[in-house]
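Here's the letter readout for the chains.
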Amino acid sequence: PGEVFYRCRRVGRNGREFGMLKFRKMRNDAAGVMLTAAADARFTRIGGFLASSKLDEVPQLWNVLRGTMSLVGPRPEDPGFVREQPMAYRTILSVRPGITGLTQLAFARESEILDADDRVGHYVTKLLPQKAKLDCLYVARRSTWMDLRILLWTAVAVLLRREVAVH
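Throughout what follows, the structure given in this document is the object of discussion. (Residues numbered from 1 in each chain as written. Predicted model: local features only at pLDDT ≥ 70, side-chain atom pairs only at ≥ 80, totals over all residues. Heavy atoms only, no water.)

**Description of unusual backbone geometry**
- With a phi close to 70°, Lys54 is a non-glycine residue in the positive phi region.
- Among the secondary structure elements, Lys54 is positioned in the loop between helix 1 (47-53) and helix 2 (60-66).
- Residue classification places Lys54 among the partly exposed residues on the basis of a relative accessible area of 33%.
- The phi dihedral of Arg161 is positive, around 55°, even though this residue is not glycine. (Helix = DSSP H or I, 4+ residues; strand = E, 2+ residues; numbered from the N terminus. Buried < 20%, exposed > 50% of the residue type's maximum accessible area, 1.4 Å probe, protein only.)

Written out as structure tokens, the structure reads:
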């Protein structure tokens, strides 16, 4: 029971916050840390499937149509996490965030590698700095050709369930 969609607060281009649309994958009464684990007990019956298949991301096409996101770009981040890396996000937020990008490919299995005992702490100290560096790299080198390659590798990763190396 409950809403089909979920809007999470994210920071977009020029630091503007917006509601990123996703299919709701957690129960209505879910509480706890904002980062999910691979087999999170808060998932609805189909929530785990939505998360693992990345189908929960499909509604973000609405954000693309509205102009708050693009297909390819740095992943829009939670405002609290943006405050953890202010210098990097000064660069990252100069472009529109995307549904897919280098960070999404490199950390496609993020929920499986987060420390189960301290997901947020592990994310902030280990993963977020790496993701910020990749997103800054994207901003510095972005091009139509790079975007096309990212879209191709995203299709490979999602449709063929293949891991993609980002280097």
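Once you've had a look at it, read on.
**A closer look at a nonpolar patch on the surface**
- A surface patch of nonpolar side chains, about 760 Å² in accessible area, is lined by Phe49, Leu55, Val58, Leu61, Leu71, Trp145, Leu148 and Leu151.
- Residue placement: Phe49 occurs in helix 1.
- According to the relative accessible area criterion, Phe49 is exposed, its value standing at 52%. (Patch = residues over 30% accessible without salt bridge, like charges linked within 9 Å, V, L, I, M, F, W, Y side chains within 5 Å. Areas by Shrake-Rupley, 256 points an atom, 1.4 Å probe, with all protein chains shown as cover. Salt bridge = Lys/Arg side-chain N within 4 Å of Asp/Glu carboxyl O.)

**Considerations on the environment of Arg90**
- Positionally, Arg90 belongs in helix 4 (residues 86-92).
- Distance in space between the C-alpha atoms of Arg90 and Cys136 is 9.4 Å, their sequence separation being 46 residues.

**Some points on the pairing of strand 1 (residues 5-11)**
- Where strand 1 and strand 2 (residues 17-23) come together, seven bridges link them in antiparallel fashion. By the bridge assignment for strand 2, Tyr6 is matched with Lys22. (Pairing = 2+ DSSP bridges.)

**Side note on the pattern of salt bridges**
- Counted under the stated rule, the structure contains seven salt bridges.
- The partner of Glu57 in a salt bridge is Lys22, and the shortest N-O contact between them spans 3.5 Å. With a gap of 35 residues between them, Glu57 in the loop between helix 1 and helix 2 and Lys22 in strand 2 connect regions that are remote in the sequence.
- Among the residues examined, Lys22 registers a relative accessible area of 11% and is labelled buried.
- In this structure, Arg109 engages Glu163 in a salt bridge whose closest nitrogen and oxygen atoms are separated by 3.4 Å. In this pair, Arg109 is assigned in the loop between helix 5 (102-106) and helix 6 (110-113) and Glu163 in the segment after helix 8 (144-159), connecting sequence segments 54 residues apart.
- The exposure class of Arg109 is partly exposed, given its relative accessible area of 43%.
- Residue class for Glu163 comes out exposed when judged on its relative accessible area of 63%.
- One connected set of salt bridges, linked through shared partners, spans Lys22, Asp56, Glu57 and Arg75.

**Let's talk about a positive patch on the surface**
- A surface patch of like charges, here positive, comprises Arg13, Arg16, Arg96 and Arg142.
- Secondary-structure assignment places Arg13 in the loop between strand 1 and strand 2.
- Overall, the relative accessible area of 39% leaves Arg13 in the partly exposed class. (Lys, Arg positive; Asp, Glu negative; His and termini not counted. Charge placed at Lys NZ, Arg CZ, Asp CG, Glu CD.)

**Here's the deal with the packing of aromatic side chains**
- Scanning the entire structure with this criterion turns up two aromatic pairs.
- Between Phe5 and Phe23, the aromatic rings sit 5.4 Å apart at their centres with planes inclined by 15°, giving stacked as the arrangement. Taken as a pair, Phe5 in strand 1 and Phe23 in strand 2 lie far apart in primary sequence, 18 residues in all.
- The exposure class of Phe23 is partly exposed, given its relative accessible area of 26%. (Phe/Tyr/Trp six-rings, centres within 6.5 Å; stacked < 30°, edge-to-face > 60°.)

**Some details on the environment of Thr154**
- When you line up the elements, Thr154 lands in helix 8.
- The spatial distance from the C-alpha of Thr154 to the C-alpha of Lys22 is 18 Å, given a sequence separation of 132 residues.
- Beyond its immediate stretch of four places on either side in the chain, Thr154 contacts Thr100, Leu105 and Leu159.
- Only 2.6 Å separates the side chain of Thr154 from the side chain of Thr100, close enough to count as a polar contact. (Contact = heavy atoms within 4.5 Å. Polar contact = N/O pair within 3.5 Å; in protein donor to acceptor, adjacent residues only side chain to side chain.)

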